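Tertiary structure, described
Below are the chains, spelled out letter by letter.
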Amino acid sequence: MNSKEFEKIFLILEKEVKKFKVPVAELVKVQSNSSFHILIATILSARTKDETTAKACEKLFKKIKQAKDFEKYSLKEIEKMSYPVGFYKTKAKHLKQLPAILEKEFNNKIPETLEELIKLPGVGRKTANLVLSVAFNKEGICVDTHVHRITNRLGYVKTKTPFETEMKLREKLPKKLWRKINYVLVAFGQNTCTPLSPKCSKCRIEKQCPKINVKKKR
Ligand code: SF4
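Since the structure is predicted, the reported quantities are computational estimates derived from the model, not experimental observations.

Criteria and cut-off values
Within any chain, residue numbers begin from 1 and follow the written order of that chain's sequence. Side-chain atom pairs in this predicted model are given and counted only at pLDDT of 80 or more, local residue features only at pLDDT of at least 70, and totals for whole chains, interfaces and linings cover all residues. The side-chain figures draw on all heavy atoms in the structure; neither hydrogens nor water molecules are used. The criterion is simple. A nonpolar core is a set of buried Ala, Val, Leu, Ile, Met, Phe, Trp, Tyr and Cys residues joined through side-chain atoms within 4.5 Å. The rule is simple: take the accessible area with a 1.4 Å probe, protein chains only, and divide by the maximum for that residue type; under 20% is buried, over 50% is exposed, in between is partly exposed. Helical segments are the DSSP runs of H or I of at least four residues, strand segments are the runs of E of at least two, and each set is numbered from the N terminus. Grid points spaced at 1 Å and placed over the protein atoms alone form the basis of the search, with a cavity being a set where a 1.4 Å probe fits but cannot get out and a pocket an open set showing protein on both sides within 12 Å along at least five of seven lines. Lining residues have an atom within 4 Å of a point. Grid points are joined across faces, edges and corners, and a volume is the space filled by probe spheres set on the points. All amino acids are sorted into three groups, where Ala, Val, Leu, Ile, Met, Phe, Trp, Tyr, Cys and Pro are nonpolar, Asp, Glu, Lys and Arg are charged, and the leftover types, Gly among them, are polar. All the domain ranges listed were derived from an automatic or database domain assignment. By definition in these notes, contact holds between two residues if any of their heavy atoms fall within 4.5 Å. A 1.4 Å probe defines the accessible area here, and the buried area is the portion of it lost by two parts on being joined, summed over both. Here, a salt bridge means any Lys or Arg side-chain nitrogen found within 4 Å of an Asp or Glu carboxyl oxygen. Side-chain atoms alone can form a polar contact between residues adjacent in sequence; in general such a contact is a pair of N or O atoms within 3.5 Å, and within protein one must be able to donate a hydrogen while the other accepts it. A molecule or strand has a residue near it when one of that residue's heavy atoms lies within 4 Å. Placement in a cavity or pocket follows one criterion, namely that more than half of the molecule's atoms lie within 2 Å of its grid points.

Glancing now at the nonpolar core. Ranked by internal contacts, the top residues of the largest apolar core, which has 38 residues, are Phe36, Leu39, Ile40, Phe70, Leu117 and Leu120. Mapped onto this core, the elements with two or more residues apiece are helix 2 (24-32), helix 3 (35-45), helix 4 (50-63), helix 5 (75-82), helix 6 (88-106), helix 7 (114-117) and helix 8 (125-136). Within the second largest apolar cluster, 26 residues are counted, among which are Leu13, Val17, Leu185 and Ala187.

Under the definition given, this model contains one cavity of 30 Å³ or more. Its boundaries defined by the atoms lining it, the largest cavity holds a volume of some 110 Å³. Taken together, 14 residues make up the lining of the largest cavity; nearest its centre are Phe188, Cys193, Cys200, Cys203 and Cys209. Along the lines of polarity and charge, the residues of the lining of the largest cavity split into ten nonpolar, no polar and four charged.

Another point: unusual backbone geometry. Among all residues except glycine, the phi angle is most often negative; among peptide bonds, the trans geometry is most common. The amide bond that connects Tyr83 to the next residue, Pro84, takes the cis arrangement and shows omega of 5°. When you line up the elements, Pro84 lands in the loop between helix 5 and helix 6. In this model, Arg47 sits at a positive phi of 55°, which is unusual for a non-glycine residue. Within the secondary structure layout, Arg47 lies in the loop between helix 3 and helix 4. Exposure remark for Arg47: the relative accessible area of 69% places this residue in the exposed category. You will see that Lys211, though not glycine, has its phi angle at about 50°, which is positive. Within the secondary structure, Lys211 sits in the segment after helix 11 (178-191). Residue Lys211 is classed as partly exposed on the basis of its relative accessible area of 27%.

Segmentation of the protein chain into domains returns domain 1 (3-20 + 140-208) and domain 2 (34-136). Once you take the C-alpha centre of each, domain 1 and domain 2 turn out to be 26 Å apart. Tallying the contact residues gives twelve residues for domain 1 and seven residues for domain 2. Three residues stand out in domain 1 for area buried against domain 2, namely Gly140, Cys142 and Arg179, and they jointly supply 45% of the buried area on that side. The interface formed by domain 1 and domain 2 contains one salt bridge. Glu166 is the salt-bridge partner of Arg125, the closest N and O atoms lying 2.7 Å from each other. Counting across the interface, domain 1 meets domain 2 through five residue pairs in polar contact (both at pLDDT 80 or more). Elements represented by at least two residues in the side of domain 1 that touches domain 2 include exactly helix 10 (162-172) and helix 11. In terms of residue count, helix 10 provides more of the side of domain 1 that touches domain 2 than any other element does, four residues in total. For the side of domain 1 that touches domain 2, a count of residues per class yields five nonpolar, three polar and four charged.

What follows deals with the site of the ligand. Close to the ligand lie Arg153, Phe188, Cys193, Pro198, Cys200, Cys203, Ile205, Glu206, Cys209, Lys211 and Val214, which account for all nearby residues. Structurally, the ligand is housed in the largest cavity. Here the residues of the shell around the ligand are counted per class, giving eight nonpolar, no polar and three charged.

The next point concerns the pattern of salt bridges. All told, the structure shown has 13 salt bridges when counted by the stated rule. The closest approach of N and O atoms between Asp69 and Lys72, which form a salt bridge, is 3.1 Å. In the salt-bridge network here, residues are joined through shared partners; they are Glu16, Lys19 and Arg204.

Below is the structure:
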């Protein structure tokens, strides 16, 4: 599938996902528009369902308005606020370290480049790209498991890891889709093009999809 064809089906998907729930980082943007809160929601959301992340954020954001606020609470208390997101103990540790690093390295501001963001505890490329695009409206391509899986199933990329997918997409994806691709494909991947048993018979783009590596139902 070339970029023109991908762009066409992306337009269909963009309309399609409007009926689904908004992914959590976008939700936080709508609710608070705070780059700090978007960063925290994104850190918490790794390997966690959006609904669980949204609940933890609600709890946490009542007490935490800025990074410094983490200093007022013990690690145990931050763990409690983050529960039950996946790996909440590790994530709580990262959140506890955040104010000191932001103060020392970034003058208490959330950095706005990929290279700087990945220096923060618990922030990998995926989180950094998402924060860039959602919080700062900058060009980032956040490739998570959904983006990696779906772009491969569609035959738009042929890659083995999310990192390879990000690099390929940086080469060929039209710039205007960079910021949208995560939001659209996450919603589509959670609801239709699911990891196991994708709902191909109900999929709006079934005719155009080569279904690469999708196992047929027996
Ligand atoms: S046809 Fe199936 S594999 Fe292709 S995008 Fe739709 S759900 Fe995914």
